[in-house]
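# What the coordinates show
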Amino acid sequence: MYEKVLVPFDFSADSRHAIAHLTQIPGLSRVVLLHVIYTKYPKSDTVTMDPSADYARLRLEEYARSIDWQGISVRTRIEAISGGDISAVVNRVATEESASLVVMGKRGMGIIETLLIGSVASEVLRYGDRDLLLVHAPRSQKSDTQEPLEVPPLFSHLLVCTDFSAPDIVALCKEELPFASRVTLLHVVSTYDSGEGGHLNSSDAWTRLKALRDEYSSLRIPVRATVCEGDPAEEIIRHARENDVSLIVMKSAGKRGFIKNFLGSTTMNVTRNADIPVLVLKRIEPMTR
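Residues numbered from 1 in each chain as written. Predicted model: local features only at pLDDT ≥ 70, side-chain atom pairs only at ≥ 80, totals over all residues. Heavy atoms only, no water.

### A closer look at the overall build of the protein
Check the secondary structure of the protein and you find eight helices and ten strands. The buried share among the 289 residues of the protein stands at 48%. Across the protein, contacts joining residues at least 24 apart in sequence account for 78% of those joining residues at least 6 apart. Carbon and sulfur atoms make up 50% of the accessible area of the protein, which amounts to about 14,700 Å² in all. (Helix = DSSP H or I, 4+ residues; strand = E, 2+ residues; numbered from the N terminus. Buried < 20%, exposed > 50% of the residue type's maximum accessible area, 1.4 Å probe, protein only. Contact = heavy atoms within 4.5 Å. Areas by Shrake-Rupley, 256 points an atom, 1.4 Å probe, with all protein chains shown as cover.)

Next comes the structure, spelled out in structure tokens:
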């Protein structure tokens, strides 16, 4: 359950769309809106005030006041940097604010951020250690509109993707997402791994996936299992589009200090190309000697 959420916010359509999803998260109690700006004034310069920082602060506070959620605290935070990566600031603030989830748009206001998955979102995904929800606003939605956003139910149909590696993603979902309305468990037998020395074949995958299905059904949530063959990322996206999936759930796990090396190409490709929200569960295991 996600009580504290960090939203990197740049006033783009995608970041506003990210905000619109938050009311669907059960148990949410605190939201921090983070806006990062580049400034030509170093922090050591206490005499000169950066007008762009002041303007951003006023604009962000005005937006926060427009959010009226019963029982949810909304706070703003401005971070001004003279160099470095915005993604590093996002990951640092997520730790400082004890956020369990980062929610952000896949595309931002800048030119670089409009290419595939935004450069900032991509780096947060790669190097962050908090669960990450990525959303993308419909192309028809403008960032300056004041009309209420139409957001489809986020947890109506989860597509939980598993490769049977540890930690078990079904156990993670039962812990973090016990409120889903419907679940499909999907395993893709990669065509690149066929033949001797390859991964599980379809028959073995079915056996293991059915066991996970029975485990998930203990939550009294309708759940079905599906096995298909092909390129994992392409099959995940195709299945999501053809089966009215509301949220793709994947994981990125690794040992502490090496999380960036364990972000699989499948997860990255799905987040780059999927046109529905993607939730990446991050789990970092302690280093063993």
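### Some points on helix 3 (residues 86-96)
Along helix 3, the positions that sit buried rather than exposed are I86, S87, V89, V90, N91, V93 and A94. Downstream of helix 3 by a residue or two, S98 has a phi angle that is positive, lying close to 55°.

### A few points about the environment of L132
In this fold, L132 is placed in strand 5 (residues 131-135). For the pair L132 and V5, spaced 127 residues apart in sequence, the C-alpha separation works out to 9.9 Å. Residue contacts for L132: discarding those within four places in its chain leaves L101, V102, M104, A121, V124, L125, V278, L279 and V280.

### Quick look at the pattern of salt bridges
In this structure the tally under the stated criterion is 13 salt bridges. Of the charged contacts, one joins E97 and R30 as a salt bridge, the two residues approaching to 3.7 Å between their closest N and O atoms. In this pair, E97 sits in the loop between helix 3 and strand 4 (101-105) while R30 sits in strand 2 (residues 30-38), placing the two residues 67 residues apart along the sequence. Taking the relative accessible area as the measure of exposure, E97 reaches 7% and is therefore buried. Between D54 and R57 there is a salt bridge, with its nearest N and O atoms 3.0 Å apart. Note that D54 and R57 are positioned in helix 2 (residues 51-65) at a spacing of three residues, about one turn of the helix. The class of R57 is partly exposed, set by a relative accessible area of 34%. Linked by salt bridges that have partners in common, R30, R75, R77, E79, R92, E96 and E97 make up one network. (Salt bridge = Lys/Arg side-chain N within 4 Å of Asp/Glu carboxyl O.)

### Section: the packing of helix 7 (residues 232-242) against helix 8 (residues 265-273)
Across the interface, helix 7 lies against helix 8 with an axial gap of 8 Å and an inter-helix angle of 40°. By the angle between their axes, helix 7 is oblique relative to helix 8. Crossing of helix 7 against helix 8: the hand is right-handed. Together, P232, A233, I236, I237 and R241 of helix 7 and T266, N269, V270 and N273 of helix 8 make up the contact between the two elements. (Axes fitted to C-alpha atoms, helices over the stretch in contact; angles between N-to-C directions. Parallel < 35°, antiparallel > 145°, perpendicular 65-115°, else oblique. Left-handed = near helix turned anticlockwise from the far one by under 90°.)

### Let's talk about helix 1 (residues 13-21)
Among the nine residues in helix 1, eight count as buried, and that is most of the element. When helix 1 is considered as a whole, its buried residues turn out to be A13, D14, S15, R16, H17, A18, I19 and H21. On its buried face, helix 1 sits against strand 1 (4-8), strand 2, helix 2, strand 4 and strand 5.

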